[in-house]
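Letter by letter, the chains look like this.
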Amino acid sequence: MRNRSGIVILTVLVSLLCIYYLSFTVVSNQVQKKAETYATDAEGNIDFAKKQDYLDSVWTEPVYNLLGVEYTYEEVKETELNLGLDLRGGMHVVLEVSPTEIIRALSGNSKDADFLSAIELAQERRVNSQERFVTLFADAFQEVAPNKELSQIFANAANRGRISRSSTNNEVIEIIDEEVENAIDRSFNILRTRIDRFGTSQPNIQRLQGTGRIQVELPGVDNPERVRKLLQGVAKLEFLQVYNSPELGSAIQAVNGLLVSEMEPGEGESLADALADEGEDDLSDLNPTEDSETLEGALDQDNIPEIAENEGEDDLEAQLSGADADSTALDSMINSQVSPLFSLVQNGFGGLAYRVEDTAKINDIFQREDVQSLLPSDLSLAWQVKPDDEQNQVLQLFTLKRERGGKAPLTGEVVTNARQDYDQNARPAVSMQMNSEGTRLWRRLTANSVGQQIAIVLDNRVYSAPVVNEEIPSGSSIISGNFEIQEAQDLANILEAGALPAPTRIVEEAIVGPTLGRVAREQGVTSILAGLGLVVIFMVVYYAKGGLVANVALLFNIFFVLGILAQPTVGAALTLPGIAGIVLTIGMAIDANVLIFERIREELRNGMRLKAAIKTGYNKAYSSIIDSNATTFLTALILFIFGQGPVRGFAVTLMIGIICSFFSAVFITRVIIEWMTRKGDESNVSFSMPFSGNLLNNLNFDFMSKRKVAYIFSGAFIGLGMIALISQPLNLGVDFKGGRSYVVTFDDTVIPSDLMTSLSDDFEDKAVEVKTFGATNVLKITTSYLVGDESDEADADVRQRLLGGIAEFTGGNFVENTAELGENQFTISSSSKVGATIADDILNASLEAIVFSLIVIFLYILIRFRKWQYSTGAIIALFHDVLFVLGAYAIAGLLGLRYEVDQVFIAAMLTIVGYSINDTVIVFDRIRETLGVKPRLPLAEAVNESVNNVMSRTLITSLTTLLVVFILLVFGGEVLRGFSFALFIGILVGTYSSVYIASPVVVDLTQRRQEAPARKPQKV
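Read on for an overview of the structure. Here the residue index of a chain counts from 1 through its sequence in written order. pLDDT decides what is reported in this predicted model: residues at 70 or higher carry local features, side-chain atom pairs at 80 or more are listed and counted, and totals for whole chains, interfaces and linings draw on all residues regardless. Where side-chain values are given, they derive from all heavy atoms of the structure, hydrogens and water being excluded.

## Concerning the pattern of salt bridges
1) Next: Any Lys or Arg side-chain nitrogen located within 4 Å of an Asp or Glu carboxyl oxygen qualifies as a salt bridge. What the rule picks out here adds up to 20 salt bridges.
2) Next: Residue Glu471 pairs with Arg443 through a salt bridge whose shortest N-O separation is 3.9 Å. Placement of Glu471 in the loop between β17 (461–464) and β18 (476–480) and of Arg443 in helix α18 (residues 436–447) is noted, with a sequence separation of 28 residues between them.
3) Next: Arg443 sits in the partly exposed class, given a relative accessible area of 31%.
4) Next: Each of Arg599, Glu602, Arg926 and Glu929 takes part in salt bridges that share partners, so that together they form one network. Each helix is a run of DSSP H or I of at least 4 residues and each strand a run of E of at least 2, with the numbering of both proceeding from the N terminus. Per-residue accessibility, obtained with a 1.4 Å probe over protein chains only, is compared with the maximum for each type, and a residue is labelled buried under 20%, exposed over 50%, and partly exposed between these values.

Spelled out as structure tokens, the structure:
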């Protein structure tokens, strides 16, 4: 063998690199165990907060010394083998940047009726369309206003120099499309900056090209609500003047009068009575600039935040102070009948303050068009960001003054630096620095607002509203309020990263608890060890010392896969489907050695010497191994291109596994075998046991004569499966139909059907499915309730209905993030959400992946075998396999085995396609070889001879792969149950179709062409 030394050197180098990278994973696990030991009490319970405190304490401390180089725990975590969310817990989110808001902004928030109608129509069509939103908008506008030019709407001051009145619709659409793409890119960069500062190890963020979506994975996070705020926070920071109550006195009286006029006589009460109910006798607290808003009052009360110049001064009263205001306008209503606008006011909190439960009523009042007509056109309303304490649950409503077009005089774009800090009372705050333009505007705004409040508004929530005493010339300021330290850190992060150019909405979300991740990890390791053990034993039993060599190569293969995945440059994570990929690689990797060993045994039976047989066996098997691995690699590549999330992890692992198995099976085994026979001693290696030497040899079965029986059997089974599919459609998961899914763990067994009946009322009779998930006390609950609403409010509503329904049914109590459940308790171990729009996209992408893989395989077979009959036979066999597995799924459903069809199922289908074509290519390759040696042999006889010759290889490879997949089916856990079932059926049918479908189709198509009568020339 040539280049033997090169292969040895390469193997050693790759092994050393794998050891280097995997060593960080070993060290990280050791630190994790120390943290668990530190946080475990005498009764064996782990305090997760204490564990995190330990890990935080060593985050920047050296924990690993390698060849004199010290690595901190942070550096170790960055280099360790990255586990996916399904193995370690965490949060997966897909965000969609709203193109609607970008288009509105480009139009200058146009109120043109045709423009608004086109936007609305495009939004409706978007749900069931794969077209880009800009294209949908252009088509909708053309339909709504066929004789109107877009330039009439978009030719404004903001677009000067790019869009003019003479611009065509196509030119305008190109600019809009460019702006939308730029906005998505800016959003991606801003989100990446925010995530990098979030503090989680090994975060992953990527753009899903062509979709306007951004995928984020945050391993190990345990505060989903904080993540949602971080990712969706637009960070629209504004500085706005607050209306003085005398300025609004008459308008408020008019609104009150309008509301009172609609009330029944005696329905309301006087303001004096309302105050008496609260124990008050004056209106001082209804004035938002009364004594409670002075700086002195603010410093004494936690409920009023303030903003100050950050110059280290102690007497901030020199900058800001209180201002008395005239409340005469409100006093005139003291004995008047009042509406809920005033009767619901909570005194003692400053200004218009209401209980949290009353805010919806107040919002409804101010959203009325007749009420808005009575208020100043430049008025906007904003609530205090949160109650000042958990007991009072009262929010203040601020009346803000905006400039023309609803703009603020100063916005967050001027902020150049922001960090978490503390105010003079040692309360968490945010320190920020403005640029020169911001400093100039801030000086002018404070100069024009002396004696008035300025509200600091973030995302239409007021964080602080102090009174300005004099002009502030500096651009260095502090925002303080009722912050937690974490809230101040997140706010500083958002401000410094910048404002998102458009709102984002979460269209897909998955949360995996650490307990469920640990169980999945244990199941995955068990599957690998069990599958590996079975294959190792079988290879030794069947191939003797040759089997030992194959097992050494197999161990190298797994070692290389894990080592390559651990390299940071690869950017891949080991997921549960990825473990399935490794398990499948174990079964498929052995195929190359089986091919080689069977060839060697064949040559030995023909009387060839061992060394010559080894050389010939490797040379003859080489072509088949390349073809079979190439086709499987192509299907994995297509899966990577079209797949998302865990499916991509499976594809990456499978591709790496194919490359590593090819290298180890073809090159490493040959180096070892030639080393074992280097001195001419042929007794050092053998390729069969006494019982297996002639097993499955000298077969002479007439496969082609049974092809019509096979056609009838396949047609009948597929037909039965399609009937079953019509009578009971496939159980589509949320990936393909949208909805929300929760894995709920109980302390005891719960009957799924009874809980499903009970939850139907809670979800207003919308579709709800409840089934066991690996254990009788673990249930997976899926609902389509509010499937079209992807808002945070809808998420909270569905979750609350779920928790309430379960609590009512079981009488149990919900506990958050716990590893141990007490009596009569339950917890949500994981959850996922897929919006209706993205569900359609995932389904279409999955179908495209299958179709595209079939086209690629057709072309590959055509190029390799130069005859369309071979390509057609292969594709018909693959269609047969896909339909067969679908039919098996449907029939299993009728028998009570309802497996979920999701993205992982599509991964299984493409893997089946790759495996089946692998087997088919090997058969075709032997047919080509047979015809090359016996060119006059009839095709049917050549096929029979070829299939008989490769039958031992086909059955052994199928057997070893089925053993591994069976282990995956038994030990892989509920998440991979449907995946394993599909693979198990697919491997069986793929082996069958290679012999009884693909090869017979080639024979029939070739014979039909040969028997077709020649066309007679037509007379002219």
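## Description of the packing of helix α5 (residues 99–106) against helix α6 (residues 113–126)
In a packed pair of helices, the relevant descriptors are the angle between the two axes and the axis-to-axis distance.
1) Next: A fitted line through C-alpha atoms represents every axis, and for helices the fit uses only the stretch in contact; the resulting angles, taken between N-to-C directions, go from 0 to 180 degrees. Viewed as axis vectors pointing N to C, α5 and α6 meet at an angle of 165°, and their least axial separation amounts to 11 Å. On the basis of their axis angle, the class for α5 and α6 is roughly antiparallel. For the crossing formed where α5 meets α6, the hand is right-handed. Every residue of α6 that contacts α5 at Pro99, Thr100, Ile103 and Arg104 is listed here: Phe115, Leu116, Ile119, Gln123 and Arg126.
2) Next: Ten residues, namely Ala, Val, Leu, Ile, Met, Phe, Trp, Tyr, Cys and Pro, are considered nonpolar, four, namely Asp, Glu, Lys and Arg, are considered charged, and the remaining ones, Gly among them, are considered polar. Partitioned by chemical class, the residues of the contact of α5 with α6 number 5 nonpolar, 2 polar and 2 charged. For classification purposes, angles smaller than 35 degrees are called roughly parallel, those larger than 145 roughly antiparallel, those between 65 and 115 roughly perpendicular, and all remaining angles oblique. Each crossing gets its hand from how the near helix is turned against the far one by less than a right angle, where anticlockwise is left-handed and clockwise is right-handed. We call two residues in contact when some of their heavy atoms are within 4.5 Å.

## Observations concerning the packing of aromatic side chains
1) Next: Geometry of aromatic contacts follows a simple scheme: Phe, Tyr and Trp rings, the Trp one being its six-membered ring, pair when their centres are within 6.5 Å, and the pair is stacked under 30 degrees between planes, edge-to-face over 60, tilted otherwise. Tallied over the full model, the rule gives 36 aromatic pairs.
2) Next: A ring pair is formed by Phe814 and Phe826, whose centres lie 5.7 Å apart and whose planes are at 50°; its orientation type is tilted. With Phe814 in strand β24 (residues 813–814) and Phe826 in strand β25 (residues 825–834), the pair connects residues that are 12 residues apart, well separated along the chain.
3) Next: Overall, the relative accessible area of 1% leaves Phe826 in the buried class.
4) Next: Aromatic rings pair up to connect Phe556, Phe559, Phe560, Tyr622, Phe662, Phe663 and Phe667 into one cluster.
5) Next: Positioned above the aromatic ring of Tyr243, the side-chain terminus of Lys401 is 4.8 Å from the ring centre. Each ring is checked for a lysine NZ or an arginine CZ that lies within 6 Å of its centre and within 35 degrees of its normal; such an atom marks a charge sitting over the ring.

## Notes on a negative patch on the surface
1) Next: Residues Asp41, Glu43, Asp47, Asp53 and Asp56 make up a contiguous surface patch of negative charge.
2) Next: With respect to the helices and strands, the residue Asp56 is situated in helix α2 (residues 48–57). Patch membership requires over 30% relative accessible area and the absence of a salt bridge. Like charges are linked within 9 Å, and nonpolar side chains (Val, Leu, Ile, Met, Phe, Trp, Tyr) within 5 Å. All accessibility values rest on the Shrake-Rupley procedure with a 1.4 Å probe; residue burial counts only the protein chains present in the view. Neither His nor the chain ends is counted toward charge; the positive residues are Lys and Arg and the negative residues Asp and Glu. Note on charges: their place is set at NZ of Lys, CZ of Arg, CG of Asp or CD of Glu.

## Re the packing of helix α24 (residues 707–727) against helix α29 (residues 868–894)
1) Next: α29 packs onto α24 with a crossing angle of 50° between their chain directions and a minimal axis gap of 8 Å. One way to sum up the angle between α24 and α29 is to call them oblique. Along this stretch, α24 crosses α29, giving a crossing that reads as left-handed. For the pair α24 and α29, contact is made by Phe713, Ser714, Phe717, Ile718, Leu720, Gly721, Met722, Ala724, Leu725 and Ser727 and by His880, Leu883, Phe884, Leu886, Gly887, Ala888, Ala890, Ile891 and Leu894, respectively.
2) Next: Looking at side-chain class alone, the contact of α24 with α29 contains 14 nonpolar, 5 polar and no charged residues.

## Quick notes on unusual backbone geometry
1) Next: Of note in the backbone geometry, Leu67 takes a positive phi value of approximately 55° without being a glycine.
2) Next: Along the chain, Leu67 falls in the loop between β1 (62–66) and β2 (69–72).
3) Next: Look at Ala544: it is not a glycine, yet its phi comes out positive at around 55°.
4) Next: Summarising the element assignment, Ala544 is placed in helix α20 (residues 514–566).

All we've got here are geometric facts, nothing functional implied.
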